[in-house]
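Observations on the three-dimensional arrangement
So you can see what is in the structure, the chains are spelled out below.
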Amino acid sequence: MYFLKTTAVIMAGGKGERFWPQSRANMPKQFLSLTSDGKTMIQLTVERLLRLVEMEDIFVVTNQNYRSIVAEQLPDLPAENVLCEPMAKNTAPCVAYAAAVIQAKYEDAVMCIVPSDHIIKNKALFADTLSLAAEVAEKGDNLITIGITPTYPETGYGYIKFTKDAAVGLHGVYKVDRFEEKPDAATATRYVDEGNYLWNSGMFIWKVSTILKNFARFLPDLAADAGKIRDSVGKDTHEKTVAEVFGHCVGVSIDYGIMEKAQNIYTLPGSFGWDDVGSWLSLERINPTDAAGNYAKGNVLQLGAENSIFVSNGRLVAAIGVQNLIVVETPDVTLVCDKDNTQDVKKIVAKLKERGDIRYL
């Protein structure tokens, strides 16, 4: 048994459009503070990862436009650990880029890949779960995903079907049977009732060597591109090489490109208080609410409101007798949305794009 370096890769290139109008092109969700502690999403992500890895072994993959924001919010992160994508190409190129850089630094290592915009309530249990996953990754060419034990029949998540498997010899580690797309309500209810389905959290753990083998098998062009990036690390040609790779590489998710096709996939059920903070509705799950079910942040005054979310970024938001509303005030936009229609916030963003009204994006 040998022990590899454990690294963490934070995927931080998303746009966070469902948190418009606070999340904008120049300041997306992962760089916002959405919790009462005042820390941003990416700061909270790094904080919990430091229970498992050193700061020098945390890598952030983000859009090149966010380099300065990352440097400002994570001043202790080495500058060379901020990996800047010249354009968004989905998660497989993101993972390949990070794997190439880590391979250049360590030859081989365990990679813990996590999104930058989740909330984890039990940080100690989260670290323990990732530590066990890293142990499974070291045992062989295993791909591990963290599943979330479902608490209700959610239709907005993909699911992981698992079967118990003792091959790795570790309690609480299960063989993945298959990945399921987002289900309808009846199917989601069946998944929860059957008890062998987990929510797909988008967190992955594997060795650099293992994921590169899978790229070579299932996405060979991207594997070759990763090799080019690896060979350019530390050279003057590095940024140019990354730009060339992202200019022509396939844009595909790691789920579709690798995980749905590969072998030796295992999952660990996570029960550490996970929330993907997918929409404005998340604020009432991750923050305290008043006796009437309201969450308020900033300059808010309400009388007789119920089950509503109010966010002010300066101007007074005054609400009287409303129910089931989301109101978000920013200097140039005010969003008023029924809580049952939070997923449609992205449609407003799409309409603004259609109109070419970039001042609000």
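Residues numbered from 1 in each chain as written. Predicted model: local features only at pLDDT ≥ 70, side-chain atom pairs only at ≥ 80, totals over all residues. Heavy atoms only, no water.

**Examining the pattern of salt bridges**
With the rule as written, the count across this model stands at 19 salt bridges. Here Glu 47 makes a salt bridge to Lys 39, at a shortest N to O gap of 2.5 Å. The salt bridge partner of Asp 231 is Arg 230, with a shortest N-O separation of 3.1 Å. What makes Asp 231 partly exposed here is its relative accessible area of 43%. One salt-bridge network, in which partners are shared between bridges, spans Lys 161, Asp 177, Arg 178 and Glu 180. (Salt bridge = Lys/Arg side-chain N within 4 Å of Asp/Glu carboxyl O. Buried < 20%, exposed > 50% of the residue type's maximum accessible area, 1.4 Å probe, protein only.)

**Points about the state of the cysteines**
This structure, assessed with the given rule, holds 0 disulfides. With no disulfide of its own, Cys 94 has Cys 249 as its nearest cysteine by sulfur position, at a separation of 11 Å. For Cys 94, a relative accessible area of 5% corresponds to the buried category. Distance from the sulfur of Cys 112, which forms no disulfide, to the nearest cysteine sulfur (Cys 94) is 14 Å. Given a relative accessible area of 0%, Cys 112 falls into the buried group. (Disulfide = S-S within 2.5 Å.)

**Here we look at the side chain of Asn 63**
Mapped onto the secondary structure, Asn 63 falls in strand β2 (residues 58-63). Side-chain polar atoms of Asn 63 contact the backbone nitrogen of Asn 65, separated by 2.8 Å. Contact partners of Asn 63, with chain neighbours within four places excluded, come to Ala 12, Gly 13, Cys 84, Glu 85 and Met 87. (Helix = DSSP H or I, 4+ residues; strand = E, 2+ residues; numbered from the N terminus. Polar contact = N/O pair within 3.5 Å; in protein donor to acceptor, adjacent residues only side chain to side chain. Contact = heavy atoms within 4.5 Å.)

**Observations regarding helix α8 (residues 238-248)**
What α8 keeps buried is the set His 238, Thr 241, Val 242, Val 245 and Phe 246. Seen along its axis, α8 keeps its buried residues to an arc of 125 degrees; they face one direction. Across α8 from its buried face, at more than 90 degrees, point the exposed residues Glu 239 and Lys 240. On its buried face, α8 sits against β3 (82-85), α3 (91-106) and α7 (220-232). (Arc of directions from axis to C-beta.)

**What about the packing of aromatic side chains?**
With the rule as written, the count across this model stands at 12 aromatic pairs. Aromatic side chains Phe 19 and Trp 280 sit 4.7 Å apart centroid to centroid with 55 degrees between the ring planes, which places their arrangement in the tilted category. Of this pair, Phe 19 sits in the loop between β1 (6-11) and α1 (41-49) while Trp 280 sits in the loop between β11 (274-275) and α10 (283-286); the two residues are 261 residues apart in sequence, bridging distant segments of the chain. Judged by centre distance (5.0 Å) and plane angle (55 degrees), the rings of Tyr 159 and Tyr 191 are tilted. A residue pair is termed long-range when its members are at least 10 positions apart, and Tyr 159 in strand β7 (residues 159-164) and Tyr 191 in helix α5 (residues 185-194) qualify at 32 residues. Exposure remark for Tyr 159: the relative accessible area of 0% places this residue in the buried category. One aromatic cluster in this structure is built from Tyr 152, Tyr 157, Trp 199 and Trp 274. The ring of Tyr 256 has Lys 261 lying over it, and the distance from NZ or CZ to the ring centre is 4.9 Å. (Phe/Tyr/Trp six-rings, centres within 6.5 Å; stacked < 30°, edge-to-face > 60°. Lys NZ or Arg CZ within 6 Å of the ring centre and 35° of its normal.)

**Topic: the pairing of strand β4 (residues 110-115)**
Of all 6 residues that make up β4, 6 are buried, and the element is covered over most of its length. Neither face of β4 is left uncovered, since the one carrying Val 110, Cys 112 and Val 114 and the one carrying Met 111, Ile 113 and Pro 115 both have all their residues buried. Looking at chain direction, β1 and β4 are connected through 6 bridges and run parallel. By the bridge assignment, Met 11 is partnered in β4 with Pro 115. Of the strand pairs in this sheet, β4 and strand β9 (residues 197-207) are connected by 4 bridges, and their pairing is antiparallel. Looking at β9, one finds that Ile 113 is bridged to Phe 204. (Pairing = 2+ DSSP bridges.)

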